[in-house]
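# Remarks on the overall topology
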Amino acid sequence: MRRAPGRAGNSCTSQSWKMKVPGTSRSAAVGAVRSQLAARPAIPDPTTVRIGSAPQRLQRASSVAAIAMAFARAAPIRDAHAMSRSGPPARVRHGLARALSKRGFCSRSQAERLVREGRVRLNGRVANDPETSTDVLSDRIEVDGRPLGPLVGCYLMLNKPRGLLTTRADESGRDTVYRCLQGADLPWLAPVGRLDRASEGLLLFSNDPAWAAAITGPGGPAKRYHVKLRPACGPDAVAALTAGVRDGGELLRAAEASALRRWQKSSWVNVLLEQGRNRQIRRMCAALGFEVERLVRVAIGGLELGTLPKGGWRELEADEVRALAPGASGMPEGRLRSPPGAAPRG
C-alpha cells in the first residue's frame, strides 16, 4: 500500500519525495534528509551568545547606541508628520467638468460640452480639456465670461405627482419632475434616487453628490411607502413581504410591513424598505399575485412627506440635511442655501 506524502509543514521531507534519486528507497531518502538537518549547527540565541572579541562587541554596542540616538532625534519629525496627516485633509481636486457639476452650474455631460466649446475659463485662461485639474473651492471658474458664485449646497424635497419621469429630459417629450421646479431660482440639481413614472411622493434633489451617494448607497436611510393593492391583502400576504419573495434570482424582503386599511376589493399596506432594489415593491407584490394601484413614498429616514402639497417642494433645513446623512456632505461647512423654515412652494 502506498504511503501518503509527508506533511506540508515539513518542507524538507515533502521535497524529498519530489527530488528522489532513482534507485534509492523512500526510507533511505528521508533518512538522508534528516541526517543533513541534524548535522547543521544550531542557531544561537541572540540574548545569550557572545560573538567575537571584546573590542568587536564594544563596536557593535556603539553602533546600536548611535542608531537609537538617531531614532530618538527623528521622533519630533515623525510626530510632526503624523500631526500633519491627522490634521485637515488636503483639498480634493477634480476634473473641470466635474467641478462645474459640483458647483451646481449644470450636469457633468453639459459641462464637458461647454469646456470643449471653449466657453469655460479656469483662473483666467480658457480650458479645453474637461479633465483639467481643478480645486472646486478655491479656483476661479468663468462660463461665457461670468464668474461662478460660491459653492453653496442646495437640498430640497418634492411631492412628486404620478405620471412624471425622474429625469432631466425625455427624448419622447414626456413631462419630467423638473416641471415642478420651473421658474424657481435654483442652481442645477439632480434627483437623489428615483421614483418610477407611476409612483408618487417624497423625492429629494441636491447639488451635493457626496450627500446624495450617502442617501442612496448601502447603509443609507430606510424608505417608507404606502401601497394600495388589489385584491385585498390579508395577514398572510403582509407577513410574506417581510419573510421574503424570490424574483429574478433575487430575494426581495421588506424590513417592515403592516396593514393600514382594508376594503372588500383593495387594501393599503405600509412597507419599509432597506434594500432599495429596482422596482422592489412592485416586483414583490406581483410575485404574490397583487396589482399595485398606487405607490406613495411617505418618508426617507426621519424626513416625512407630511402635508406638502402634490407637485409642491421646499428646501430642507440644516438639521434635516445632517440627520439624513450625518457627516456626508461634500459642501464647505456652513454653506447651505436654504434658510431655516423655508416655506413650501409649487
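This section reports on the structure supplied with the text. What you see is a predicted model; the values in this text were computed from it and never measured. (Residues numbered from 1 in each chain as written. Predicted model: local features only at pLDDT ≥ 70, side-chain atom pairs only at ≥ 80, totals over all residues. Heavy atoms only, no water.)

## Overview of the pattern of salt bridges
- Considering all chains together, one arrives at 18 salt bridges under this definition.
- A salt bridge links Arg179 to Asp175, with the nearest nitrogen and oxygen atoms 3.0 Å apart.
- A residue is classified by how much of its surface remains accessible, and Arg179, at 42% relative accessible area, is partly exposed.
- The residue Arg282 makes a salt bridge to Asp196 at a minimum N-O spacing of 3.2 Å. On the criterion of sequence distance, the pair formed by Arg282 in helix α8 (residues 280-287) and Asp196 in the loop between β8 (190-192) and β9 (200-206) is long-range, its members being 86 residues apart.
- For Asp196, a relative accessible area of 23% gives the class partly exposed. (Salt bridge = Lys/Arg side-chain N within 4 Å of Asp/Glu carboxyl O. Buried < 20%, exposed > 50% of the residue type's maximum accessible area, 1.4 Å probe, protein only. Helix = DSSP H or I, 4+ residues; strand = E, 2+ residues; numbered from the N terminus.)

## With respect to the packing of aromatic side chains
- Applying the stated criterion across every chain yields a total of two aromatic pairs.
- Between Tyr155 and Trp211, the ring centres sit 4.8 Å apart and the planes meet at 75°, which makes this aromatic pair edge-to-face. Residue Tyr155 is found in strand β7 (residues 155-160), and its partner Trp211 is found in helix α6 (residues 209-216); the two are separated by 56 residues along the sequence. For the pair formed by Tyr155 and Trp211, the shared burial category is buried.
- Ring geometry for Tyr178 versus Phe205: centroids 5.7 Å apart, planes at 75°, classification edge-to-face. Of the two residues, Tyr178 is situated in the loop between β7 and β8 and Phe205 in strand β9; the sequence distance between them amounts to 27 residues.
- The class for Tyr178 is buried, based on a relative accessible area of 11%.
- What makes Phe205 buried here is its relative accessible area of 0%. (Phe/Tyr/Trp six-rings, centres within 6.5 Å; stacked < 30°, edge-to-face > 60°.)

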